[in-house]
Amino acid sequence: MAAAVRFFIRGANSRLSVGTGTSGSLGAALLKLSPSCSSRSKTQRRHAAHFTYQPDPVPTQYGETQKMNLFQSVTSALDNTLSSDPTAVIFGEDVAFGGVFRCTVGLRDKYGKDRVFNTPLCEQGIVGFGIGAAVAGATAIAEIQFADYIYPAFDQIVNEAAKYRYRSGNLFDCGNLTIRAPWGCVGHGSLYHSQSPEAFFAHCPGIKVSPHKVKDNIKCSFTDGDPPHHSRAVMQVPSQIINNPLQKSQDLTKYKINTIIITMKARLKRWICDLLSVFFQSVVKTGRLLVSHEAPVTGGFAAEISSTVQEECFLNLEAPISRVCGYDTPFPHIFEPFYIPDKWKCFEAIKRMINY
Amino acid sequence: KGKGGSMHMYAPHFYGGNGIVGAQVPVGAGIALACSYQGNNQLCVTLYGDGAANQGQIFETFNMAALWKLPCIFICENNKYGMGTAVERAAASTDYYKRGDFIPGLRVDGMDVLCVREATRFAAEHCRAGKGPIVMELQTYRYHGHSMSDPGVSYRTREEIQEVRSKSDPISMLKERMLANNMASAEEFKEIDIAIRKEVEEAAQFATLDPEPPLDELCDHIFHNEPPLEVRGTNPWSKLKSVS
């Protein structure tokens, strides 16, 4: 189960470093009271949330697990897909040598250049080509080098891929298409290597936007052509960049337990039932919600979540839903540390929600 | 002011670099149209690379430029690699000067300074004479990687880089030519080297010591001529001012 929630705990020396190193699912942390926590009210106030982090036991239902970082997980998922599905092909800019994020390392040597190949620099062409390949039955995995480059392909994705099944009455579909596009700020990316376009695509019915969170998720998306709603082509938007400051901000040490922080990066599953039901359960339990993402706040995906949660859980909310997102400006180069919603801004927002 | 980073430098008549390669070509044609419209005898030089040469919008631009006879020089800097992909594997036709189809094209040895100068002169005269656009392919090479995430050696051999550096380096070639023809002496070259080094160091110093823009400017220049507006940000209670 990929947790949609992180509980940030206050502990004397516990630092949450969940996420960067572990493979498989990241469950909610098991919490147990520290033995030094006394029952006196003063210490109760101070140590009310004094918990010790216990990592989840390694899941065994999928067989052997291996510790990998995100890129290795992606490569492994692609590897598995190529070996199990003879029609699978991977293509994109510079994927042959391994890709700028090293997500396709070794695959060309292993599976041959007819299955892992470079394309010229033409996003619209890449996606259109992928749609054609998928419609004809191949499992096409197209890579857009950075999410910022996806806009020339916007027409193909929104007007062709998303609507193929719908307009042909299920006679044709490109459900076998997956588009991989790394998004998010990387420290020196500036305007055109740091964007988060998930909101643009989430708005389009017919495609699924999902994060690279777990290997299972990725594999599912490659084989999944049949979603509950009228989603058609499957698209994965974020591929976490390993040194992302927001990722590092997971090492939080001073948060009270009844706040939920949901970071868009790591959370955005299929934006259908699963995601929202987890949010609803959490909100019912704690009464507060903070949603955070790097994309600009106006019209960002946090707005959608906010709005849906307040519709369903209005009476459970004890404070307005807080959105900690990027500013409504193009992604600046020099101002990046100030632009991104980091742990301090989240902390500030949490404090206000608690004291509402 | 640092908001764009090193890729986005601007100056009078220098309309800047573009992150999405190929996007600058239609923009260049637009500038060329403005030149011809304003009748100021100017033309626009638009540069793109061998990787970007495969973008669809470039061909759309070629069509418009030829149709309306825009004074635009399209220069393709062919350094043999589109980051990690060699030109033979990216382009069905590596004759980039011919890709303009109905637009005349020149293939130029980009490593020869004098050759480039003459070719550009020819192209500029062509445009100024009202004959319409022209394509130039400069054949050149890149010693380092494309960017910080590209080591530069995973798709080519070091020997290849060394060979080009020793045989076809533009600066060395010009230097040798001038020495061989007695146009300058070795001491004069040394003086030039020293002067250049000094200038580059001063420029680097200026760049590193130059203060970063103040935080208030984070949201400036999003729009134009509007009264200062408040930009929503990471928290609903903290808004930044945007001055146009």
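All values reported here derive from a predicted model rather than from experimental measurement. (Residues numbered from 1 in each chain as written. Chains lettered and ligands numbered in written order. Predicted model: local features only at pLDDT ≥ 70, side-chain atom pairs only at ≥ 80, totals over all residues. Heavy atoms only, no water.)

Some thoughts on the overall build of chain A
Phase 1 of the analysis: Looking only at helices and strands, chain A features 14 helices and eleven strands.
Phase 2 of the analysis: With 356 residues in all, chain A has 56% of them scored as buried.
Phase 3 of the analysis: Within chain A, contacts between residues at least 6 apart in sequence are counted, and of these 78% link residues at least 24 apart.
Phase 4 of the analysis: Total accessible area on chain A is roughly 15,300 Å²; 55% of this is exposed by carbon and sulfur atoms. (Helix = DSSP H or I, 4+ residues; strand = E, 2+ residues; numbered from the N terminus. Buried < 20%, exposed > 50% of the residue type's maximum accessible area, 1.4 Å probe, protein only. Contact = heavy atoms within 4.5 Å. Areas by Shrake-Rupley, 256 points an atom, 1.4 Å probe, with all protein chains shown as cover.)

Some thoughts on the overall build of chain B
Phase 1 of the analysis: Within chain B one finds seven helices and eight strands.
Phase 2 of the analysis: Along the first, second and third principal axes, the C-alpha atoms of chain B reach 70 × 45 × 40 Å.
Phase 3 of the analysis: Here chain B, with 244 residues, has 36% of them falling under the buried criterion.
Phase 4 of the analysis: For chain B, the exposed area adds up to about 14,800 Å²; of that, 57% sits on carbon and sulfur atoms.

Overview of helix 1 (residues 24–38) of chain B
All names here are of chain B.
Phase 1 of the analysis: For helix 1, spanning 15 residues, the distance from its first C-alpha to its last is 21 Å, which sits close to the expected 21 Å at 1.5 Å a residue.
Phase 2 of the analysis: Within helix 1, the full set of buried residues consists of Gln24, Val25, Gly28, Ala29, Ile31, Ala32 and Cys35. Mapping the buried residues of helix 1 onto a view down its axis gives an arc of 160°, with all of them on the same face. For helix 1, the exposed residues lying more than 90 degrees away from the buried face are Tyr37 and Gln38. (Expected span 1.5 Å × (residues − 1). Arc of directions from axis to C-beta.)

A short note on the packing of aromatic side chains
Phase 1 of the analysis: Per the counting criterion, the structure on display carries 17 aromatic pairs over all chains.
Phase 2 of the analysis: Ring plane angle 55° and centroid distance 4.8 Å describe the contact between Phe331 of chain A and Tyr339 of chain A, whose orientation is recorded as tilted. Take Phe331 of chain A and Tyr339 of chain A: they sit in the same class, and that class is buried.
Phase 3 of the analysis: Among the aromatic side chains, those forming a connected cluster through ring pairs are Phe97 of chain A together with Tyr81, Tyr141, Tyr143 and Tyr155 of chain B.
Phase 4 of the analysis: Sitting over the face of the ring of Tyr164 of chain A, Arg167 of chain A holds its NZ or CZ atom 4.6 Å from the ring centroid.
Phase 5 of the analysis: Lys175 of chain B extends its terminal NZ or CZ atom over the ring of Phe189 of chain B, reaching a point 6.0 Å from the ring centre. (Phe/Tyr/Trp six-rings, centres within 6.5 Å; stacked < 30°, edge-to-face > 60°. Lys NZ or Arg CZ within 6 Å of the ring centre and 35° of its normal.)

Thoughts on unusual backbone geometry
Residue and element names in this part refer to chain B.
Phase 1 of the analysis: A positive phi angle, close to 70°, is found at His13, a residue other than glycine.
Phase 2 of the analysis: Here His13 lies in the segment before helix 1.
Phase 3 of the analysis: Unusually for a residue other than glycine, Lys69 sits at a positive phi of about 50°.
Phase 4 of the analysis: Tracing the backbone shows Lys69 in the loop between helix 2 (56–68) and strand 2 (72–78).

Structural notes on the sheet that holds strand 2 of chain B
Residue and element names in this part refer to chain B.
Phase 1 of the analysis: In spatial order, the strands read 1-2-6-5; together these four strands make up an open sheet with parallel pairing. A strand with exactly one partner marks an edge of an open sheet, and here the two such strands are strand 1 (44–49) and strand 5 (105–109). Mean inter-strand twist for the sheet, computed between neighbouring axes without regard to direction, equals 20°.
Phase 2 of the analysis: Looking at chain direction, strand 5 and strand 6 (residues 134–139) are connected through five bridges and run parallel. (Pairing = 2+ DSSP bridges. Axes fitted to C-alpha atoms, helices over the stretch in contact; angles between N-to-C directions.)

A few points about the nonpolar core
Phase 1 of the analysis: Ile157 and Leu177 of chain A are the most contacted members of the largest nonpolar core, which totals 44 residues.
Phase 2 of the analysis: Where this core is concerned, the elements lending two or more residues are helix 2 (70–84), strand 3 (89–92), helix 3 (107–111), helix 4 (123–135), strand 5 (140–143), helix 5 (154–161), strand 6 (177–180) and strand 7 (207–210) of chain A.
Phase 3 of the analysis: Examining the composition of this core, we find that five residues originate from one element, helix 2 of chain A, more than from any other.
Phase 4 of the analysis: Listed in part, the 21 residues of the second largest apolar core include Ala29, Cys72, Ile103 and Val135 of chain B. (Core = buried A, V, L, I, M, F, W, Y, C linked by side-chain atoms within 4.5 Å.)

Examining the confidence of the model for chain A
Residues and elements named next belong to chain A.
Phase 1 of the analysis: Considering every residue of chain A, the mean pLDDT works out to 67; 62% of them sit at 70 or more.
Phase 2 of the analysis: Predicted confidence is poor over residues 1–34, with pLDDT under 50, and the contacts of this stretch with residues over four places away or in other chains come to 108 contacts.
Phase 3 of the analysis: Per-residue pLDDT stays below 50 along residues 212–274; that stretch engages in 231 contacts with residues further than four places along the chain or on separate chains. (pLDDT = per-residue confidence, 0-100.)

Comments concerning the packing of helix 1 of chain B against helix 2 of chain B
Residues and elements named next belong to chain B.
Phase 1 of the analysis: The interhelical angle for the contact between helix 1 and helix 2, taken along N-to-C directions, is 20°, at an axis separation of 8 Å. Judged by the angle between their axes, helix 1 and helix 2 are roughly parallel. Residues Val25, Pro26 and Ala29 of helix 1 lie in contact with helix 2, whose contacting residues are Gln57, Ile58 and Thr61.
Phase 2 of the analysis: Residue classes in the contact of helix 1 with helix 2 are distributed as four nonpolar, two polar and no charged. (Parallel < 35°, antiparallel > 145°, perpendicular 65-115°, else oblique. Nonpolar A, V, L, I, M, F, W, Y, C, P; charged D, E, K, R; others polar.)

Let's talk about the environment of Cys174 of chain A
Phase 1 of the analysis: Positionally, Cys174 of chain A belongs in the loop between helix 6 (164–167) and strand 6.
Phase 2 of the analysis: Between the C-alpha atom of Cys174 of chain A and that of Phe154 of chain A, which follows or precedes it by 20 residues, the distance is 16 Å.

As for the interface of chain A and chain B
Phase 1 of the analysis: Contact with chain A, which involves 40 residues of that partner, is made by 40 residues of chain B.
Phase 2 of the analysis: On the chain A side of the interface with chain B, the three residues burying the most area are Leu121, Tyr327 and Phe335 of chain A, jointly 21% of the side's total.
Phase 3 of the analysis: Taken together, chain A and chain B are joined by zero salt bridges.
Phase 4 of the analysis: Linking chain A with chain B are four residue pairs in polar contact (both at pLDDT 80 or more), by the criterion used here.
Phase 5 of the analysis: Of all the elements in the fold, those that place two or more residues in the side of chain A that touches chain B are strand 11 (322–326), helix 13 (336–339) and helix 14 (343–354) of chain A.
Phase 6 of the analysis: When residues in the side of chain A that touches chain B are grouped by element, the largest group, five residues, is from strand 11 of chain A. (Buried area = accessible area lost by both parts, 1.4 Å probe. Salt bridge = Lys/Arg side-chain N within 4 Å of Asp/Glu carboxyl O. Polar contact = N/O pair within 3.5 Å; in protein donor to acceptor, adjacent residues only side chain to side chain.)

Section: the pattern of salt bridges
Phase 1 of the analysis: Counted according to the given criterion, the structure contains 14 salt bridges over all chains.
Phase 2 of the analysis: Residues Arg180 of chain A and Glu143 of chain A are paired through a salt bridge, measuring 2.7 Å at the closest nitrogen-oxygen approach. In this pair, Arg180 of chain A sits in strand 6 while Glu143 of chain A sits in strand 5, placing the two residues 37 residues apart along the sequence.
Phase 3 of the analysis: Shared partners join several salt bridges into a network, and the residues in it are Asp95, Lys98, Arg107 and Glu137 of chain B.

Remarks on a nonpolar patch on the surface
Phase 1 of the analysis: Judged by side-chain polarity, Met64, Leu67 and Trp68 of chain B come together as a nonpolar surface patch covering roughly 330 Å² of accessible area.
Phase 2 of the analysis: Considering the arrangement of structural elements, one finds Trp68 of chain B in helix 2. (Patch = residues over 30% accessible without salt bridge, like charges linked within 9 Å, V, L, I, M, F, W, Y side chains within 5 Å.)

Re the packing of helix 4 of chain A against helix 5 of chain A
To characterise two packed helices, one gives the angle between the axes of the helices and the distance between these axes.
Residues and elements named next belong to chain A.
Phase 1 of the analysis: Packing of helix 4 against helix 5 brings their axes to within 8 Å, and their N-to-C directions diverge by 25°. On the basis of their axis angle, the class for helix 4 and helix 5 is roughly parallel. Between helix 4, through Gln124, Val127, Gly128 and Ile131, and helix 5, the contact on the second element is made entirely by Asp155, Gln156, Ile157, Glu160 and Ala161.

Section: the pairing of strand 6 of chain A
Residues and elements named next belong to chain A.
Phase 1 of the analysis: Residues Leu177 and Ile179 point to one face of strand 6 and Thr178 and Arg180 to the other, with burial holding for every one of them.
Phase 2 of the analysis: Here strand 5 pairs with strand 6 via four bridges, running parallel. Bridging from a neighbouring strand, Glu143 pairs with Arg180 of strand 6.

Overview of the state of the cysteines
Residue and element names in this part refer to chain B.
Phase 1 of the analysis: Across all of its chains, the model carries zero disulfides over all chains by this definition.
Phase 2 of the analysis: Of all cysteine sulfurs, the one in Cys76 lies closest to Cys115, which takes part in no disulfide; the gap is 15 Å.
Phase 3 of the analysis: Using a relative accessible area of 29% as the deciding quantity, one classes Cys115 as partly exposed. (Disulfide = S-S within 2.5 Å.)

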